[in-house]
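Residues per chain are reported as follows:
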Amino acid sequence: FLTVRPIETGQENAMYRAWAFMRTIANVAFVIAFLIIIYSQLTSFGVSNYGIKKLLPRIIIAAILVNISYIVCSLAIDISNLLGHSIQDIFIQVRNSLVGTEGNSWDVLSWESLSSFVLSGGTAAAVGGIAVFSGIATYGVIGALALLLPALVTLLVAVLVALVVMAARQAIITILTILAPLAFVAYLLPNTEK
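Structural notes, computed from the coordinates.

Calculation rules
Residues numbered from 1 in each chain as written. Predicted model: local features only at pLDDT ≥ 70, side-chain atom pairs only at ≥ 80, totals over all residues. Heavy atoms only, no water. Phe/Tyr/Trp six-rings, centres within 6.5 Å; stacked < 30°, edge-to-face > 60°. Helix = DSSP H or I, 4+ residues; strand = E, 2+ residues; numbered from the N terminus. Buried < 20%, exposed > 50% of the residue type's maximum accessible area, 1.4 Å probe, protein only. Contact = heavy atoms within 4.5 Å. Core = buried A, V, L, I, M, F, W, Y, C linked by side-chain atoms within 4.5 Å. Expected span 1.5 Å × (residues − 1).

Now for the packing of aromatic side chains. In the structure shown here, the tally under the stated rule is 3 aromatic pairs. Ring geometry for Y16 versus Y70: centroids 5.1 Å apart, planes at 90°, classification edge-to-face. With Y16 in helix α1 (residues 14–43) and Y70 in helix α3 (residues 69–99), this residue pair connects regions lying 54 residues apart in the sequence. Measuring from ring centre to ring centre gives 5.2 Å for W19 and Y70, while their planes differ by 45°; the resulting arrangement is tilted.

Given below as structure tokens:
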């Protein structure tokens, strides 16, 4: 669920075109910054000599990072996917070494089957089946449901929030990749470095 779809590096996909548009806006901001520096140098008004010397290396670094930000984001996503799969493989190997492969039901029970079971009401059906087959009296069922209902509602809300967060994560990564050039331009402004 946490695997992010790798970014396509071709120039014909929509994400690259959106990133290229943001890169163009960022490059226009660099031109404006250079014009302010030139105007300040010519008129001695605005940015001081020391400020220009301090700002010029940051502009050069930011200009380079803006133009390679698509590749930087693509590499960051690939490294995240690689680390995630590697950590998962380590945990699977540890589990297999502890219980052996014959006692391993990893292929039978997956996160997808568990989440579909929970979302389809399997938990409520299992609790209801346990209550019916355990022979709880009529008043005991009402008491048991009064105790279990808040826990089940909390569990359902937690599962739904987790699924929404995982879905939103994919969208947020895409949006941040597109806005990466503007983030590197924000490195230049005094109050937006962080």
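With that out of the way, let us pick up the environment of I52. Tracing the sequence through the fold places I52 in helix α2 (residues 49–67). Residue I52 is classed as buried on the basis of its relative accessible area of 10%. Between the C-alpha atom of I52 and that of I38, which follows or precedes it by 14 residues, the distance is 9.4 Å. Those residues in contact with I52 that lie beyond four places of it in its chain are I37, S40, Q41 and V47.

Judged by nonpolar contacts, V4, I7, M15, Y16, W19, A20, M22, Y70, C73, I77, I178 and A180 together constitute the single largest core of 12 residues. For this core, the secondary structure elements donating two or more residues are α1 and α3. The greatest single-element share of this core, amounting to 5 residues, is contributed by α1. In this view, M15 contacts I7, Y70, T174, T177 and I178; residues no more than four positions away in its chain are not counted. Membership of the second largest hydrophobic core comes to 10 residues, among which are F30, I52, I59 and V66.

Take α3 next. Under the 1.5 Å per step criterion, the end-to-end length of α3 is 45 Å for 31 residues, consistent within 8% with the ideal 45 Å. S69, Y70, C73, S74, I77, N81 and I92 are the residues of α3 that are buried. Looking one or two residues beyond α3, the residue adopting positive phi is G100, at roughly 80°.

Note that all results are geometric; they support no functional claim without further evidence.
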